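Summary of structural features
Here's the letter readout for the chains.
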Amino acid sequence: MTLCASPMFETNKELPVVQLELPESKEAGVDLFVLRLDKIDELVSGNKWYKLKYNLMNAKAQGITRVLSFGGAYSNHIHALAWAGRELGIQTVGVIRGEPAYVDNPTLMDAVRWGMELVFVSRAEYRRRSELDYLTELQNVYGGVLIIPEGGSNALAVKGAAEIITDRMRLDYGLTHVVLPCGTGGTLAGIASSQPRLQVVGIPVLKGAQFLVKDIQKLMQDADVRCDDNWGLDFDGHYGGYAKVSPELLSFISDIKQRYQLPLDQIYTGKMMFRFIEMLKEGAFYSGSRVLLVHTGGLQGLRSLSCA
Ligand SMILES: Cc1ncc(COP(=O)(O)O)c(C=O)c1O
């Protein structure tokens, strides 16, 4: 199949990798780098760019005119999809967990401004988002729609995420490890499968996320990519659960921004960095390790703090 070329998803973007010297990394003898995926596109930022790339390019190539997906009220995925749909001339529908009153928040206001149709559903209905019956119902309502799962994670997202870390990047920086935050695990599935020589550590931001191990294996199988044992999950980085935020976390985020000019969000990258530093202190990385932290974007979600 020929894929429609789109300037939005042109592949030769140079991604900034910055070195970070934390007192804790020095102490542990670890060289630390950050891959700034947040810089890849202003509005389709971070891992979303990679996860949506083949989904939307395929949709275009197949003449699909409408795409539907799922997310919470501050979903980075919904936000990115709404913008990408507008840029590519594809209609978008967002099935949102929660009350229509959320439409006043900056994330959803952007989505609506960019032409996305929002459908608010109860938590009970939202839980059905992967059930075949429910997906068929949605297909019947929105004839010919392409349904992309929550967080954008499917086989095509894994294919896109497999392009995040290249062999050249691994060699140029002499990398040994990659650390990234996990929601659904699609990004980790792509990175771990494409970089079997690296040890990949995922930090789930959901509490009780042990189910992710199986989900990630399934995503790898669906995408027909390598499924080695070069990856693992650390379950201590949720800090109370998804989107739970403490004053300590917020002051950590502001400290990192001030000291290193590195903006982090409170849902994904802030928790990853917080946990990573704890792991350094626990001796989780041997001296001489060269670790790449993946900044997966999500900075638009910071706007939820001023709405709380
Ligand atoms: C900023 C950010 N980082 C990380 C993730 C988690 O990615 P994944 O669902 O592929 O594990 C998400 C959500 O998809 C996100 O929005």
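This report concerns the structure included in the present document.

What counts and what doesn't
All residue numbers refer to position in the chain's written sequence, counted from 1. Where local features are concerned, this predicted model is filtered to residues with pLDDT of at least 70; where side-chain atom pairs are given and counted, the filter is 80 or more; whole-chain, interface and lining totals use all residues. Each side-chain value is worked out from all heavy atoms of the structure, with water and hydrogens disregarded. The helix and strand labels rest on DSSP assignments: H or I over at least four residues marks a helix, E over at least two residues marks a strand, and numbering proceeds from the N terminus. Put simply, the radius of gyration uses C-alpha atoms, and a globule should come to 2.2 Å times the residue count raised to 0.38. Burial status follows relative accessibility: with a 1.4 Å probe on protein chains alone, a residue under 20% of its type maximum counts as buried, one over 50% as exposed, and anything between as partly exposed. Only heavy atoms enter the contact rule, under which two residues are in contact if any of them lie within 4.5 Å. Only heavy atoms are used to decide nearness, and a residue is near a molecule or strand if one of them lies within 4 Å of it. Counted as a polar contact is a pair of N or O atoms within 3.5 Å, where, for protein atoms, one must be capable of donating a hydrogen and the other of accepting one, and residues adjacent in sequence contribute only when both atoms are in side chains. Either an automatic procedure or a domain database provided the assignment from which the domain bounds are taken. Between rings of Phe, Tyr and Trp, where Trp is taken as its six-membered ring, a pair exists when centres lie within 6.5 Å; planes separated by under 30 degrees are stacked, by over 60 edge-to-face, and by other angles tilted. Counting as a charge over the ring demands two things of the Lys NZ or Arg CZ atom: a distance within 6 Å of the ring centre and an angle within 35 degrees of the ring normal. Take the residue count of a helix, subtract one, and multiply by 1.5 Å to get its expected span. When DSSP locates at least two bridges between a pair of strands, those strands are taken to pair. The handedness of a crossover follows from its direction of travel: if, with the strands pointing away from the viewer, the path from the first strand over the helix to the second runs clockwise, the crossover is right-handed.

**Considerations on the overall build of the protein**
A count of helices and strands for the protein gives 12 helices and 10 strands. Against the 2.2 N^0.38 benchmark of 19 Å for 308 residues, the protein shows a C-alpha radius of gyration of 19 Å, consistent with a compact globule. Considering only C-alpha atoms, the protein reaches an extent of 60 × 45 × 35 Å along its principal axes. Within the protein, the fraction of its 308 residues that count as buried is 53%. Of the contacts formed within the protein by residues at least 6 apart in sequence, a portion of 74% connects residues at least 24 apart.

**A word on the site of the ligand**
Surrounding the ligand, one finds 15 residues, the nearest of these being Lys48, Lys51, Thr184, Thr187 and Thr296. The separation between an oxygen atom of the ligand and a polar side-chain atom of Lys48 is 2.6 Å. At the level of elements, α2 (47-61) and α9 (186-194) are the ones that each hand at least two residues to the shell around the ligand. Looking at the shell around the ligand element by element, the count peaks at 3 residues for α2. Both domains that meet at the shell around the ligand, namely domain 1 (7-45 + 155-307) and domain 2 (48-152), each give it at least three residues.

**With respect to the packing of aromatic side chains**
Taken as a whole, this structure holds 9 aromatic pairs when the rule is applied. Through pairs of rings, three or more aromatic residues link up here, namely Phe9, Trp49 and Tyr50. Here the guanidinium or amino end of Arg97 rests over the ring plane of Tyr126, the centre of that ring lying 5.1 Å away. The ring of Tyr54 carries Lys159 above its face, with NZ or CZ at 4.3 Å from the centroid.

**A few points about helix α12 (residues 269-281)**
In an α-helix, one turn spans 3.6 residues, which is why side chains three or four residues apart end up on the same side. A rise of 1.5 Å per residue sets the reference length of α12, with its 13 residues, at 18 Å; its end C-alpha atoms lie 19 Å apart and thus fit the reference within 8%. Looking at α12, one finds that the buried residues are Thr269, Gly270, Lys271, Met272, Met273, Phe274, Arg275, Phe276, Ile277, Met279 and Leu280. Directly beyond the C-terminal end of α12, a positive phi value near 80° is found at Gly283.

**Overview of the pairing of strand β3 (residues 66-71)**
Burial analysis of β3 places 5 of its 6 residues in the buried class, which makes it a mostly covered element. Here β3 runs beside strand β4 (residues 91-97); their pairing, made up of 6 bridges, is parallel. The residue of β4 that forms the bridge with Leu68 is Val93. Tracing the backbone out of β3, into helix α3 (residues 76-88) and back to the parallel element β4 gives a crossover that is right-handed. Across 2 bridges, the pairing between β3 and strand β6 (residues 146-147) is parallel. The residue bridging Val67 from the neighbouring strand is Leu146, located in β6.

**Focus on unusual backbone geometry**
In this structure, Asp224 is a non-glycine residue whose phi angle is positive, near 60°. On the secondary structure map, Asp224 appears in the loop between α10 (212-223) and β9 (231-233). Given the relative accessible area of 72%, Asp224 is considered exposed. Positioned with a positive phi, Gln261 is a non-glycine residue whose angle comes to about 50°. Residue placement: Gln261 occurs in the loop between α11 (247-260) and α12.

In short, geometric facts, not functional conclusions.
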